[in-house]
Amino acid sequence: MSKFIIQGQTKLSGEITVKGAKNSALKIIPASILSSETISLKNLPHIEDIKKSLELLADLGAVIKEEDEQISISCRNLNTTDLNPNLANKFRASIMFVGPLLARFKQVSFPHPGGCVIGAGGRPIDLFIEGFQAFGADIKVEDGLYKLKAKKIKACQHFFPLISVTATETFIMTAILAEGTTTLYNCAMEPEIKALTDYLNKCGAKIRGAGTPTITITGVNQISAGEFTVIPDRIETGSFAIMAAITKSKLIINNCIPEHILALLTILKKIGINYQINNNSLTILPNKNFRAHDIKTHEYPGFPTDLQSPYTVLMTQANGKSLIHETIYNRRLLFVDMLSQMGADIVMCDPHRVVIHGPTPLIGKQLTSPDLRAGIAMIIAAMVAQGKTEIDNIYQIDRGYEKIDQRLSAIGVNIQRNS
Ligand code: EPZ
């Protein structure tokens with residue numbers, strides 16, 4: 001199994017460029033199903049989950065052409081609405097195909113989506129089942145597959161009992177071709193949702209309120225297709241900022257949107273990490289030492305759960321005591337056990353809260369990456385640890401960070417990929 005080998009005590013320098021946002025690209029690919037015209041995508045990150053998403057779309061019969069850094073997709077003639085279980089159960093975002101298929105073809109079958117271990121009980125999809133029923137779909141479960149059929153997609157007033165990013169995106173796309181006007185309440189407000197709706201409106205959809213808790217969609221008969229450039233990945237941006245902070249380095253982070261990580265930047269400033277913003281680049285300035293600060297993860301624009309793991313590692317090197325409260329996922333703090341093995345002073349109060357006393361020296365260890373964000377957090381820990389760290393199961397890291405070893409080597413990290 002491939003692994004990363006990292007020599008610690010790192011100093012970073014130079015510049016790094018942020019890639020396209022995984023959690024935007026994973027929605028625009030299935031969104032291509034909504035139109036019979038050809039969509040062209042730019043700035044897609046070259047990562048495992050995107051490869052899987054394109055494979056799944058091709059399996060449905062889409063025509064996909066890759067030329068230079070641009071991908072064109074035609075879903076004019078799909079030959080099935082059944083998601084291939086062997087492909088769809090490998091990644092959580094396969095769920096994003098269901099809404100568009102139901103909206104355009106009034107039927108779809110799919111397996112329980114795959115996904116990493118951060119959600120207890122295998123990442124529930126109750127919000128999706130309830131939502132599809134609200135839009136008039138009949139749902140059967142046969143041979144381990146969910147089978148949805150709808151005579152027509154009925155516009156509705158739907159309140160999300162939990163704020164869910166992918167559920168918000170799914171039902172925006174389900175409602176676009178419905179008869180009548182849908183109102184979605186208690187929606188997620190992540191920037192990737194606004195990027196998706198801006199594109200769909202350019203193609204003739206009628207969506208209002210993206211980026212706020214209430215979104216209305218007036219159904220249309222069809223939409224066209226056009227060009228979509230994936231926005232910079234705010235979680236990559238924040239991860240690189242934390243790398244610079246913890247190694248007390250100066251680092252220029254290019255092609256980013258700093259306002260998308262204001263929750264993190266506000267805290268970095270408070271704890272003594274200074275930075276400069278210059279249009280779409282963020283420079284983290286070197287620091288001597290920095291203070292501890294509590295965080296509580298929250299839906300956007302609050303502190304993102306996807307930056308909790310890197311921030312937790314940062315706090316092991318901060319002066320003082322910090323409380324990390326992970327409110328979104330049940331298992332996203334389980335990786336702290338590995339930080340303790342490296343020498344961190346962490347007490348788990350309950351599955352959602354840990355208290356960290358810093359700074360403590362970290363010692364390089366053999367680690368396994370349980371999920372994507374814990375994986376990058378281990379790389380960050382290895383960068384400041386004494387000695388060598390080995391991280392296996394790096395497939396989890398490759399899922400979300402393009403060529404991460406090459407890009408980190410270029411800014412001073414001693415990291416080798418051992419296939
Ligand atoms: C999106 O996941 C992101 N993934 C996640 O990023 C991100 O952590 C999460 O939003 C929160 O910001 C993509 O966009 C592909 P949720 P999503 O539905 O939409 C519970 C990463 O590392 N829930 O907002 O799947 C769920 O268990 C990934 O890039 C239900 O209970 O997350 C969680 O506790 C990880 N029932 C909460 O809602 C459901 O049917 C929020 O999950 C669906 C979700």
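The structure we're discussing is the one just above.
Figured I'd write up the structure that's included with this text. In this text, all values refer to a predicted model and were calculated from it rather than measured experimentally.

1. Some words on the overall build of the protein chain
Here is step 1 of the chain: From N to C terminus, the protein chain includes 14 helices and 23 strands.
Here is step 2 of the chain: Taken over C-alpha atoms, the radius of gyration comes to 22 Å for the protein chain, in line with the 22 Å a tight globule of 419 residues would show.
Here is step 3 of the chain: Structurally, the protein chain occupies a C-alpha span of about 60 × 45 × 40 Å along its principal axes.
Here is step 4 of the chain: For the protein chain, the residues scored as buried account for 58% of the 419 residues in total.
Here is step 5 of the chain: The long-range share in the protein chain, meaning contacts at least 24 apart out of those at least 6 apart in sequence, stands at 71%.
Here is step 6 of the chain: Accessible area of the protein chain: about 16200 Å², with a carbon and sulfur share of 49%.
Here is step 7 of the chain: If the 44 positive side-chain charges of the protein chain are averaged to one point and the 38 negative ones to another, these points end up 3 Å apart.

2. Notes on the environment of valine 354
Here is step 1 of the chain: The topology assignment puts valine 354 in strand E20 (residues 353–358).
Here is step 2 of the chain: Here valine 354 falls in the buried class, since its relative accessible area comes to 0%.
Here is step 3 of the chain: Distance in space between the C-alpha atoms of valine 354 and glutamate 179 is 48 Å, their sequence separation being 175 residues.
Here is step 4 of the chain: Setting aside its immediate chain neighbours within four residues, valine 354 contacts Ser322, Leu323, Ile324, Leu333, Val336, Ile346, Val347, Met348 and Cys349.

3. As for the side chain of threonine 170
Here is step 1 of the chain: Looking at the secondary structure, you find threonine 170 in helix H6 (residues 165–175).
Here is step 2 of the chain: Looking at threonine 170, the relative accessible area reads 1%, which means it is buried.
Here is step 3 of the chain: In contact with threonine 170, other than residues within four places in its own chain, are Ile95, Met96, Gly99, Phe128 and Phe132.

4. So, the site of the ligand
Here is step 1 of the chain: Not every one of the 24 residues close to the ligand is listed here, only the nearest: Ser164, Thr166, Asp306, Ile328 and Arg373.
Here is step 2 of the chain: At 2.6 Å, a side-chain N or O of aspartate 306 approaches an oxygen atom of the ligand.
Here is step 3 of the chain: Computed on the free molecule, the ligand has an accessible area of 820 Å², of which 89% lies beneath the protein chains in the complex.
Here is step 4 of the chain: Broken down by secondary-structure element, the contributors of at least two residues to the shell around the ligand are helix H1 (22–31), helix H5 (126–134), H6 and helix H12 (372–384).
Here is step 5 of the chain: A per-class count over the shell around the ligand returns 11 nonpolar, 4 polar and 9 charged.

5. Some words on the packing of helix H8 (residues 234–246) against helix H10 (residues 308–316)
Here is step 1 of the chain: In contact at an axis separation of 10 Å, H8 and H10 are set at 5° when each is read in the N-to-C sense. It follows from the interaxial angle that H8 and H10 lie roughly parallel. Residue-level inspection shows Ser239, Ile242, Ala245 and Ile246 of H8 in contact with H10, the latter providing Pro310, Tyr311, Val313 and Leu314.

6. Thoughts on unusual backbone geometry
Here is step 1 of the chain: Omega for the bond connecting tyrosine 300 with proline 301 falls within 30 degrees of zero, at 10°, which places this linkage in the cis form.
Here is step 2 of the chain: Looking along the chain, the bond that leaves glycine 358 and enters proline 359 is cis, with omega of -5°.
Here is step 3 of the chain: Within the secondary structure, proline 359 sits in the loop between E20 and strand E21 (366–368).
Here is step 4 of the chain: Backbone geometry places asparagine 255, a non-glycine residue, at a positive phi of 55°.
Here is step 5 of the chain: For asparagine 255, the location among the structural elements is in the loop between strand E14 (251–254) and helix H9 (262–271).
Here is step 6 of the chain: Phi at asparagine 279 takes a positive value of approximately 55°, unusual for a residue other than glycine.
Here is step 7 of the chain: For asparagine 279, the location among the structural elements is in the loop between strand E15 (275–278) and strand E16 (281–284).

7. A closer look at the side chain of glutamine 308
Here is step 1 of the chain: Relative to the helices and strands, glutamine 308 is located in helix H10.
Here is step 2 of the chain: A relative accessible area of 0% means that glutamine 308 is categorised as buried.
Here is step 3 of the chain: A distance of 3.1 Å separates the side chain of glutamine 308 from the side chain of glutamate 326, its partner in a polar contact.
Here is step 4 of the chain: For glutamine 308, the residues in contact, after removing those within four places along its chain, are Ile295, Thr297, Phe303, Ile324, Glu326, Arg332, Leu333 and Phe335.

8. Some thoughts on the sheet that holds strand E6 (residues 107–111)
The pairing of strands in a sheet comes from backbone hydrogen bonds and takes either a parallel or an antiparallel form.
Here is step 1 of the chain: Read from one edge of the open sheet, 3 strands run E6-E8-E7, paired in antiparallel fashion. Edge strands, defined here as strands with exactly one partner in the open sheet, are E6 and strand E7 (138–142). The average undirected angle you get between the axes of adjacent strands in this sheet is 20°.
Here is step 2 of the chain: Judged from the 5 bridges that link them, E6 and strand E8 (residues 145–149) form a sheet pairing that is antiparallel. Bridge pairing in E8 places serine 109 opposite lysine 147.
Here is step 3 of the chain: Those strands touched by helix H4 (residues 98–105) are E6 and E8, and its axis lies near 160° from that of E6.

9. Examining the environment of lysine 388
Here is step 1 of the chain: Locating lysine 388 in the fold gives a position in strand E22 (residues 388–392).
Here is step 2 of the chain: Judged by its relative accessible area of 43%, lysine 388 falls in the partly exposed class.
Here is step 3 of the chain: Counting along the chain gives 380 residues from lysine 388 to glycine 8, while the straight-line C-alpha distance between them is 6.2 Å.
Here is step 4 of the chain: Contact partners of lysine 388, with chain neighbours within four places excluded, come to Ile5, Ile6, Gln7, Gly364 and Lys365.

10. A closer look at the packing of aromatic side chains
Here is step 1 of the chain: If you walk through the whole model with that rule in mind, you get 7 aromatic pairs.
Here is step 2 of the chain: Aromatic pair phenylalanine 135 and phenylalanine 171: ring centres 5.7 Å apart, planes at 10°, arrangement stacked. With a gap of 36 residues between them, phenylalanine 135 in the loop between H5 and E7 and phenylalanine 171 in helix H6 connect regions that are remote in the sequence. Neither phenylalanine 135 nor phenylalanine 171 differs from the other in exposure class; each is buried.
Here is step 3 of the chain: It is lysine 269 that lies over the ring of tyrosine 275; its NZ or CZ is 4.7 Å from the centre.

About the criteria used
Residues numbered from 1 in each chain as written. Predicted model: local features only at pLDDT ≥ 70, side-chain atom pairs only at ≥ 80, totals over all residues. Heavy atoms only, no water. Helix = DSSP H or I, 4+ residues; strand = E, 2+ residues; numbered from the N terminus. Rg over C-alpha atoms; globule rule 2.2 N^0.38 Å. Buried < 20%, exposed > 50% of the residue type's maximum accessible area, 1.4 Å probe, protein only. Contact = heavy atoms within 4.5 Å. Areas by Shrake-Rupley, 256 points an atom, 1.4 Å probe, with all protein chains shown as cover. Lys, Arg positive; Asp, Glu negative; His and termini not counted. Charge placed at Lys NZ, Arg CZ, Asp CG, Glu CD. Near = heavy atom within 4 Å. Polar contact = N/O pair within 3.5 Å; in protein donor to acceptor, adjacent residues only side chain to side chain. Nonpolar A, V, L, I, M, F, W, Y, C, P; charged D, E, K, R; others polar. Axes fitted to C-alpha atoms, helices over the stretch in contact; angles between N-to-C directions. Parallel < 35°, antiparallel > 145°, perpendicular 65-115°, else oblique. Pairing = 2+ DSSP bridges. Phe/Tyr/Trp six-rings, centres within 6.5 Å; stacked < 30°, edge-to-face > 60°. Lys NZ or Arg CZ within 6 Å of the ring centre and 35° of its normal.

By themselves, these observations are geometric and do not establish any function.
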